[in-house]
Amino acid sequence: MNAFRTTTRLAFARPTFQTRIAAPMSVRWLSDSLRQKLNEDVKSSDIVLFMKGTPDQPMCGFSRATVQILQVQGVDFDKHVKAFNVLADDDLREGIKEYSEWPTIPQVYVKGEFVGGCDIMLNMHQSGDLEDLLVKENIVPAEPEATKD
Ligand SMILES: N[C@@H](CCC(=O)N[C@@H](CS)C(=O)NCC(=O)O)C(=O)O
Ligand code: FES
């Protein structure tokens, strides 16, 4: 286990207000062409992040926390992460919710598979499951076993 990963404190910004309620799933935002594009987008990098803002400039505490979790895990963003800013595209903002059957942003895909939002990422980070997944998918290197004295 990497000491940096376990001891670094995450500065999670607490969102101060709720902006929008997720669109009811009965409203269909997802055209066939957008679904087809998303089929490709979610596989366009080892980790695909649908977020508010950008990794350098997150526009919501939940998106910021998700970026921070990946950073603390030691993920090289240039090499392994593609981020989509849903604030720049309303069709994407609503379409990705329907595509993933997940009502909120952020959303994280790893190797084309939906993993979850901020709460799931935080739980997986704390349990060690996220590190296991990132190692299994060759996104971060395995930690060497601790050596005995
Ligand atoms: N509990 C959620 C927190 C994320 C969340 O509640 N996101 C809200 C506020 S940013 C959202 O996406 N609302 C719909 C929207 O803004 O389109 C998680 O684990 O990811
Ligand atoms: S909670 Fe306000 S934008 Fe995310």
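Quick caveat: nothing in here was measured; it's all calculated off a predicted structure.

1. Structural notes on the site of ligand 1
Neighbouring residues of ligand 1: 13 residues in total, closest Lys52, Arg93, Lys97, Ile105 and Asp119. Arg93 has a polar side-chain atom sitting 2.8 Å from an oxygen atom of ligand 1. Lys97 is positioned such that a nitrogen or oxygen atom in its side chain is 2.5 Å from an oxygen atom of ligand 1. If ligand 1 stood free it would expose 500 Å²; the protein chains cover 88% of that surface. Counting residues per element, the ones that place at least two in the shell around ligand 1 are helix 5 (90-100) and helix 6 (118-127).

2. Topic: helix 6
Turn by turn, an α-helix covers 3.6 residues, leaving residues three or four places apart pointing in a common direction. Taken together, the buried positions of helix 6 are occupied by Cys118, Met121, Met124 and His125. Seen from one end, helix 6 has its buried residues packed into an arc of 130°, which puts them on one side. Seen from the open side of helix 6, the exposed residues pointing more than 90 degrees away from its buried face are Asp119 and Gln126. Count one or two residues on from helix 6 and you reach Gly128, which has phi positive near 95°.

3. Overview of the nonpolar core
If you look at the biggest cluster of nonpolar residues, it comprises 19 residues, and the most contacted ones within it are Ile47, Val75, Val110, Met121, Leu134 and Ile139. Excluding residues that lie within four positions of it along the chain, Val110 makes contacts with Asp46, Ile47, Val115, Leu133, Glu137 and Ile139. Counting 13 residues, the second largest nonpolar core, distinct from the first, contains Val42, Phe84, Ile96 and Tyr109.

4. Section: the packing of aromatic side chains
Within this structure, the stated rule accounts for five aromatic pairs. Here Phe50 and Tyr109 contribute two aromatic rings whose centre-to-centre distance is 6.0 Å and whose plane-to-plane angle is 80°, an arrangement assigned as edge-to-face. Here Tyr109 lies in strand 3 (residues 107-110) and Phe50 lies in strand 1 (residues 47-51), a separation of 59 residues in the sequence. The two residues Phe50 and Tyr109 agree in class, both being buried.

5. Thoughts on the confidence of the model for the protein
Counting all residues, the mean pLDDT for the protein is 88, and 80% of those residues have values of 70 or more. In the model of the protein, helix 1 (residues 3-7) stands out as the element of lowest mean pLDDT, 45, in contrast to strand 1, which has the highest, 99. Ignoring residues within four places in sequence, the model shows residues 1-8, a span with pLDDT below 50, making 16 contacts including any to other chains. As a predicted assembly, this complex carries a pTM of 0.84 together with an ipTM value of 0.99.

6. Structural notes on the environment of Lys43
Looking at the element boundaries, Lys43 is found in the loop between helix 2 (32-41) and strand 1. By relative accessible area, which is 60% here, Lys43 ends up exposed.

Thresholds applied
Residues numbered from 1 in each chain as written. Chains lettered and ligands numbered in written order. Predicted model: local features only at pLDDT ≥ 70, side-chain atom pairs only at ≥ 80, totals over all residues. Heavy atoms only, no water. Near = heavy atom within 4 Å. Polar contact = N/O pair within 3.5 Å; in protein donor to acceptor, adjacent residues only side chain to side chain. Areas by Shrake-Rupley, 256 points an atom, 1.4 Å probe, with all protein chains shown as cover. Helix = DSSP H or I, 4+ residues; strand = E, 2+ residues; numbered from the N terminus. Buried < 20%, exposed > 50% of the residue type's maximum accessible area, 1.4 Å probe, protein only. Arc of directions from axis to C-beta. Core = buried A, V, L, I, M, F, W, Y, C linked by side-chain atoms within 4.5 Å. Contact = heavy atoms within 4.5 Å. Phe/Tyr/Trp six-rings, centres within 6.5 Å; stacked < 30°, edge-to-face > 60°. pLDDT = per-residue confidence, 0-100.

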